[in-house]
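Observations on chain architecture
So the chains spell out like this:
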Amino acid sequence: MNAAAHPTPQHPTAETAPRSAGHSLRFGIAGMTCGSCVARVEKALLAVPGVDRASVNLATETAELGSATAVSPAEIERAVAAAGYSIATREMVLELRGMNCGSCVGRIEKALSAVTGVVAASVNLATERATVKVFDGVEPAALIEAVERAGYAAALPVAASSDDDHGDGGTPQAASRAETATAPTAAMSRETRHLLIAAALSLPLVAPMLGLLFGEHWMLPGWLQFALATPVQFWLGARFYRAGWHALRARSGNMDLLVALGTSAGYGLSLYHLLRGDTSALYFETSAVIVTLILLGKWLEARAKRQTTAAIRALQALRPLSARVLRDGVETELPIAQLRVGDRVVVRPGERIAADGRIVEGRSHVDESLITGESLPVARNEGERVTGGAVNGEGRIVVETLAVGAESALARIIRLVEDAQAKKAPIQRLVDQVSAVFVPVVIALALATLLGWGLSTGDWNQAILNAVAVLVIACPCALGLATPTAIMAGTGAAARAGLLIKDAEALELAHRIDTVAFDKTGTLTVGEPVLAELIAIDGDRDAALAQAAALQSGSEHPLAKAVSEAAAGLTLPSASAVVAVPGRGLRGRVDGHSLLLGSTRMLEELGAELSPWRAQAERLSASGHSVSWLAAEAEASGGAAEVRLLALLGFRDAPRPDAKAAIARLHALGLRTVMISGDHAGAARSIADALGIDEVRADVLPEQKAAVVAELARRGTVAMVGDGVNDAPALAAADVGIAMGSGTDVAMQAAGITLMRPQPGLVADAIDISRRTTRKIRQNLFWAFGYNVVGIALAAIGWLDPIIAAAAMAFSSVSVLGNTLLLRRWRPADSR
């Protein structure tokens, strides 16, 4: 989100100045309706520790409170929520510069959290972004100022001010292709140039060490060593001093501080001996090579980090720059930002479709592989929908746009993947806590090493070198990058395969799933039932079919569509007063008669006598049919309704072709499968047996699905797979909700994971990539923690030369990233 997307409201807003004595805070309150609401909110606010006064205005829907000390906005939000109301909040995203290790994350989060009105702040080292939840009215300038005071640079995403009008959802990629392409290139050329200069200046200092291996004495004069090492130390290594100084000013520490201290110690010791005339104890090559190796490590790290974001960049590249729009019969090429809903866009063979829409002219094959993961082009005819960003095949088509900009499927996909990559996995919280104390502990260990060696041996030269080795071997970078880069690579690989993972928590939870529950209709079955059998009680099949079709003529239910298709060609009577009975069926008047069409449960609740036809119904259910009854209602003596059966209808919905194989794959992963259905037990069991599902919950009303999922969740970690719309409560009740749809109409926010193709086999792929990503996180953290523990110990006991220590530190982050990048090789099972 950005400032442009949420202009400052007209009512009083949260104060955004840094906290000081005599704190006051204003914010919006939603949900108040009367004076009693005001009293309730004021009482809740006064109960928050530290709040001295609270005043709530019903007319402006704002609250103002005062306190002698700073009060956490998160506590205020919880107190208001407990009272039954909500605070107007929003999210802002900042792009950060200057971070290089996990301790930087903690410093920036602490600085942002200290701004009045900030509820929560989360910083991602890998994406170099901060996501900040604030009270509505907090200005971005206050957040940027706080970051700068902490010693870093921050800015709103590029082109944030104009995106929302034209549809890129506030993402930084909405800037021109030229801007987004040239900025990284320019930055990299500077990094590369500095690395090459550092290497050129350091090589003559290292050459004498290599010459000694062959019995050659190539040692340079001391003043020449000084001349070569000084620009490396203070020009090319200036970044470490600047960042280290900012850390000290913030009473914190980071990797730059460790490097600055270590290299300065080696350089200062050498300069001391040079000034004394003792050229036999110079270590200029140590400080210069340490700087060069760390610059090399940073250069390699930056390249590897860019590779972890390759998937999101590939999605961003799908956006065409312009569209050919038909205006008064003339094709006019317009920038994509000027496209509007209802425009007719001409798409020639080989071009990308500019926006989501419906084909109104022509037919073609469309390649949607980068959006849905579908490997083969799919046929699209007139009247069918196409997705923006897909590649048109061999035919010229005209597309009427239905969604543009931020509302398009591609924009939502990009936004979802970006959000997932920006959020932290729960395990990252522990890593951040360790990183926050890492630098002070390392400095203490280096000081202990210096004093221990110096006092015990009297060789202060060696003591300083060992202390330098301790400082430069320590690497909080590897700790900071271990988790977020794995999340980025895992979510990126999943997105390429048509799996959209909403957040890191869903990804981390998915690896623990032991039970997968499926909705039946549209998930395990095709979702297009047909009327397979109709038994008319009086023998007049056409009359019963016409009555059933008339009763359902206005319904969008799949069973209604099946009846309408079966009744094509028949003259339908008129229907009126049709109402739906949730979870049971519907009733209405047809040709003056009161009719109902519903489930066995509905008929039994009305006291209908089903005995003569129950055997037929059970036969249909046992063979996998869904059963409905058509009946007439008439008022009997005493005012009670009498229900008379007219027909028995049997619907058949075929299982998806890959459903059985999908269930088998889940069993191979050691998972238990459950099917939840509103169908009669016989019909549900028939489908379940055909697919090999372990457990069936039948006759479940829509409102009962969430309770069933919650019951399953008490026995383990449960994933619920549904269509993402009708099953939203059940998806929310599950540990991990998996919405299965086409990727255009599916409610992506209803679940933690969205399958872009309606293929049950993707469920096993989602669990597989989750397990692999979690495994990479554990491997990375094991390496990062183990490396630091072993490396610091070896340096402290004098077994590591500072140059070797610097090389190890430089490549520790690269090794973590290299391990992470193996995730990019992952492919779904059907494409391996």
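Worth saying up front: this structure is predicted, and the values here are computed from it rather than measured.

As a further point, take the overall build of the protein chain. The number of helices and strands found in the protein chain is 28 helices and 30 strands. Taken across its 832 residues, the protein chain has 52% of its residues classed as buried. Pairs at least 24 residues apart make up 69% of the contacts formed inside the protein chain by residues separated by at least 6 positions.

Right, let's talk about unusual backbone geometry for a bit. Unusually for a residue other than glycine, Glu128 sits at a positive phi of about 55°. Examined against the element boundaries, Glu128 turns out to sit in the loop between β6 (118-124) and β7 (129-135). Located in the positive-phi region is Asp591, a residue other than glycine, with phi close to 50°. Tracing the backbone shows Asp591 in the loop between β22 (585-590) and β23 (593-598). Overall, the relative accessible area of 52% leaves Asp591 in the exposed class.

The subject of this paragraph is the pairing of β23. Note: β22 against β23, 6 bridges, orientation antiparallel. For Arg589, the partnering residue across the bridge sits in β23 and is Ser594. As consecutive antiparallel partners, β22 and β23 are separated by 2 residues, and within that stretch Asp591 has a phi angle of approximately 50°, a positive value.

Moving on, we get to the environment of Cys477. Relative to the helices and strands, Cys477 is located in helix α16 (residues 476-496). On the accessibility criterion, Cys477 (1% relative accessible area) is buried. Residues Cys477 and Cys104, 373 residues apart in the sequence, show an inter-C-alpha distance of 9.6 Å. Apart from the residues lying within four places of it in its own chain, the contact partners of Cys477 are Asn100, Cys101, Leu125, Met255, Lys298 and Ser813.

Glancing now at the sheet that holds strand β11 (residues 344-347). Here 6 strands make up an open sheet; going across it, the order is β10-β9-β11-β17-β12-β15 and the pairing antiparallel. Both edges of this open sheet fall to β10 (330-335) and β15 (385-386), since each of them pairs with a single strand only. Taken together, the 2 bridges between strand β12 (residues 356-361) and β15 define a ladder with antiparallel strand orientation. Bridge assignment links Gly357 to a residue of β15, and that residue is Val386.

Turning next to the environment of Leu282. Within the secondary structure, Leu282 is located in the loop between α9 (255-276) and α10 (284-308). Once the C-alpha coordinates of Leu282 and Phe226 are considered, the two residues, 56 residues apart in sequence, prove to be 9.4 Å apart. Aside from chain neighbours lying at most four places away, what touches Leu282 is Gly222, Gln225, Ser270, His273 and Leu274.

Turning our eyes to something else, we now look at the packing of aromatic side chains. Inspection of the entire model under this criterion finds 8 aromatic pairs. When the ring of Phe234 is compared with that of Tyr241, the centres are 5.7 Å apart and the planes differ by 20°; the resulting orientation is stacked. A relative accessible area of 43% places Phe234 in the partly exposed class. Between Tyr267 and Phe284, the ring centres sit 5.5 Å apart and the planes meet at 70°, which makes this aromatic pair edge-to-face. Placement of the pair is Tyr267 in helix α9 and Phe284 in helix α10, with a sequence separation of 17 residues. Clustering of aromatic rings is evident, with ring pairs tying together Trp223, Phe226, Phe234, Tyr241, Tyr267 and Phe284.

Right, let's talk about helix α23 (residues 659-668) for a bit. The set of residues buried in α23 consists of Ala659, Ala662, Ile663 and Leu666. The arc that holds every buried residue of α23, seen down its axis, measures 95°, which confines them to one face. Facing away from the buried side of α23 by over 90 degrees, the exposed positions are Lys660 and Ala668. The secondary structure elements touched by the buried residues of α23 are β19 (515-519), α18 (520-524), β26 (672-676), α24 (681-691) and α27 (761-796). A positive backbone phi angle near 85° is found at Gly670, which sits one or two residues after α23.

With antiparallel pairing, the 4 strands of this open sheet are ordered in space as β6-β7-β5-β8. Two strands in the sheet have a free side with no partner beyond their single neighbour: β6 and β8 (153-155). Looking at each pair of strands side by side, their axes are set apart by 25° on average, direction ignored. Pairing of strand β5 (residues 89-97) with β8, which is carried by 3 bridges, proceeds in the antiparallel orientation.

At a minimum axis separation of 8 Å, α10 and helix α28 (residues 802-821) run at an interaxial angle of 5°. Compared by their axis directions, α10 and α28 come out roughly parallel. Here the residues of the contact of α10 with α28 sort into 17 nonpolar, 6 polar and 3 charged.

Mapped onto this structure's residue numbering, the UniProt feature "transmembrane region" (unreviewed entry) falls at residues 195-214, 220-236, 257-275, 281-300, 430-451, 463-482, 780-797 and 803-823. Secondary structure across residues 257-275 divides into 100% helix and 0% strand, with the first and last C-alpha atoms of the span separated by 26 Å. Each end of residues 430-451 is marked by a C-alpha atom, and these two atoms are 32 Å apart; helix forms 100% of the span and strand 0%.

So, on to the nonpolar core. The biggest cluster of nonpolar side chains holds 155 residues, and the ones touching the most others in it are Phe27, Leu45, Ile76 and Leu143. Once residues lying within four places of it in the same chain are set aside, the contact partners of Phe27 are Leu45, Glu61, Thr62, Ala63, Leu65, Ile76, Ile87 and Phe135. Residues Ala355, Ile371, Leu416 and Leu500 belong to the second largest nonpolar core, which totals 28 residues.

Conventions we followed
- Residues numbered from 1 in each chain as written.
- Predicted model: local features only at pLDDT ≥ 70, side-chain atom pairs only at ≥ 80, totals over all residues.
- Heavy atoms only, no water.
- Helix = DSSP H or I, 4+ residues; strand = E, 2+ residues; numbered from the N terminus.
- Buried < 20%, exposed > 50% of the residue type's maximum accessible area, 1.4 Å probe, protein only.
- Contact = heavy atoms within 4.5 Å.
- Pairing = 2+ DSSP bridges.
- Phe/Tyr/Trp six-rings, centres within 6.5 Å; stacked < 30°, edge-to-face > 60°.
- Arc of directions from axis to C-beta.
- Axes fitted to C-alpha atoms, helices over the stretch in contact; angles between N-to-C directions.
- Parallel < 35°, antiparallel > 145°, perpendicular 65-115°, else oblique.
- Nonpolar A, V, L, I, M, F, W, Y, C, P; charged D, E, K, R; others polar.
- UniProt positions renumbered as here; feature names shortened; annotations may be inferred.
- Core = buried A, V, L, I, M, F, W, Y, C linked by side-chain atoms within 4.5 Å.

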